[in-house]
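Examination of the molecular architecture
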Amino acid sequence: MSDSHAGGGPGLFAFVAFAICAVLVALAADLLQPLGPFALVLAVLFAGVAIVSGVLALFPPTRGLFGTLLVFSLISLAAFGGIFGLQRFAPPADDGVRNGFFTTLVPPARGFQHLLLSEAPRWDGRPAPAPAPVVEIVAAPPPLPASTVALQNITAALASADPAERLRGSVVALAEKEPAVLAAVIDKLYRSTDPAVRQLAVKRLLAQRRGTRMPLLAVAANPESQAFANTLQGVGVTLRTINETSGAFDGGLCAASGMAGTVNRTGVTISAKCKVGDADRNTVLVLQPTDDYRLVGEARNDQGQTARVELPLM
């Protein structure tokens, strides 16, 4: 029996070694799957060898040789068939081709696969898989300061062809809290050619002067109006309250109170009583804004006296 074992087929270690080799070759076939269905081809090949070996092993003269070959064939068939079966569970790629099972299961193996197959064409004629793209992480630019964003927004709003959009953007911009940014916003609104937008700027400028005396410059239109001009020249305008929504305001002109006015799209209108000589005269000022931050126009009272007047806004 010992002679038969020594002179017969290979021992257990030979079968184990062959099984290890078959598994390694099966893994290589799985890695080469993009180039062709190697695992399937080898499984079919060893299935045929197993069938032939099994038939020939039935005859005594060839039983020893083909019996051993049958065992090796079955080991190979199990290895390659098993890999082919596992590949069915790997989801197909975007191009419809199934990748190897282990390269799908173990993502780090894809880098080695791409390196190995980078120059090889696919078995179906398509190019080899492209190397994994290098993702370059670019640091996001720092966010723009809130002041810059606010000025960009009002510039875009004023450039709009829609009057409602210009007005809406102007109202939002006037809500700015930072004094320097608000000053820049008011300047943009004041220099706008849209009367509704400039009206917003004039109302805000007057609101900023609330509670302070604004000097009123007056020049008589004729000698008969000199006393009227002198009265206006010496008093100035003081705003007590202003409604920035309606444009209505009140305060003092020629007296501590009694003045009423409104800011409209054409300018500013002020009415009050001013004492000229011994009589109180109903006085009306009609002013228009100029490009250099002044309200310029005419003052007239119920006696027909007139004067050219100027009210600085800054």
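Look up a bit, the structure's there.
In this report, we go over the structure that sits alongside the text. (Residues numbered from 1 in each chain as written. Predicted model: local features only at pLDDT ≥ 70, side-chain atom pairs only at ≥ 80, totals over all residues. Heavy atoms only, no water.)

The next point concerns the overall build of the protein chain. Tallying secondary structure elements over the protein chain gives 11 helices and nine strands in all. Across the 314 residues that make up the protein chain, the buried fraction comes to 34%. Long-range pairs, those at least 24 residues apart, make up 45% of the contacts in the protein chain between residues at least 6 apart in sequence. (Helix = DSSP H or I, 4+ residues; strand = E, 2+ residues; numbered from the N terminus. Buried < 20%, exposed > 50% of the residue type's maximum accessible area, 1.4 Å probe, protein only. Contact = heavy atoms within 4.5 Å.)

Residue position: Ser170 is located in helix α8 (residues 163-173). Residue Ser170 is classed as buried on the basis of its relative accessible area of 0%. A polar contact of 2.7 Å, which involves the side chain of Ser170, links it to the backbone oxygen of Arg166. Residues within four places of Ser170 in sequence aside, it is in contact with Ile154, Leu158, Leu189, Val197 and Leu200. (Polar contact = N/O pair within 3.5 Å; in protein donor to acceptor, adjacent residues only side chain to side chain.)

One open sheet holds the nine strands; their spatial order is β1-β3-β4-β5-β6-β7-β8-β9-β2, and the pairing between them is antiparallel. Where the open sheet ends on each side, the last strands, each with one partner, are β1 (213-214) and β2 (217-220). Where strand β5 (residues 259-264) and strand β6 (residues 267-276) come together, five bridges link them in antiparallel fashion. Looking across to β6, one finds that Ala260 is bridged to Ser271. Those strands touched by helix α10 (residues 195-208) are β1, β3 (237-242), β4 (248-253), β5, β6 and β7 (279-289), and its axis lies near 145 degrees from that of β5. (Pairing = 2+ DSSP bridges. Axes fitted to C-alpha atoms, helices over the stretch in contact; angles between N-to-C directions.)

Contact geometry for helix α9 (residues 179-190) and α10: axes closest at 7 Å, N-to-C directions at 135 degrees. Of the possible angle classes, the one that applies to α9 and α10 is oblique. The interaxial crossing formed by α9 with α10 has left-handed handedness. Touching Leu182, Ile186, Leu189 and Tyr190 of α9 are Val197, Arg198, Ala201, Val202, Arg204, Leu205 and Gln208, all from α10. When its residues are assigned to classes, the contact of α9 with α10 shows eight nonpolar, one polar and two charged. (Parallel < 35°, antiparallel > 145°, perpendicular 65-115°, else oblique. Left-handed = near helix turned anticlockwise from the far one by under 90°. Nonpolar A, V, L, I, M, F, W, Y, C, P; charged D, E, K, R; others polar.)

A few words on the pattern of salt bridges. According to the stated counting rule, one finds 11 salt bridges in the structure shown. Linking Arg168 and Glu165 is a salt bridge whose minimum nitrogen-to-oxygen distance equals 2.7 Å. Separated by three residues within a single helix, Arg168 and Glu165 lie in helix α8, roughly one turn from each other. Taking relative accessible area as the criterion, Glu165 reaches 31% and is therefore assigned partly exposed. Salt bridges linked by common partners bring Asp292, Arg294 and Glu310 together as one network. (Salt bridge = Lys/Arg side-chain N within 4 Å of Asp/Glu carboxyl O.)

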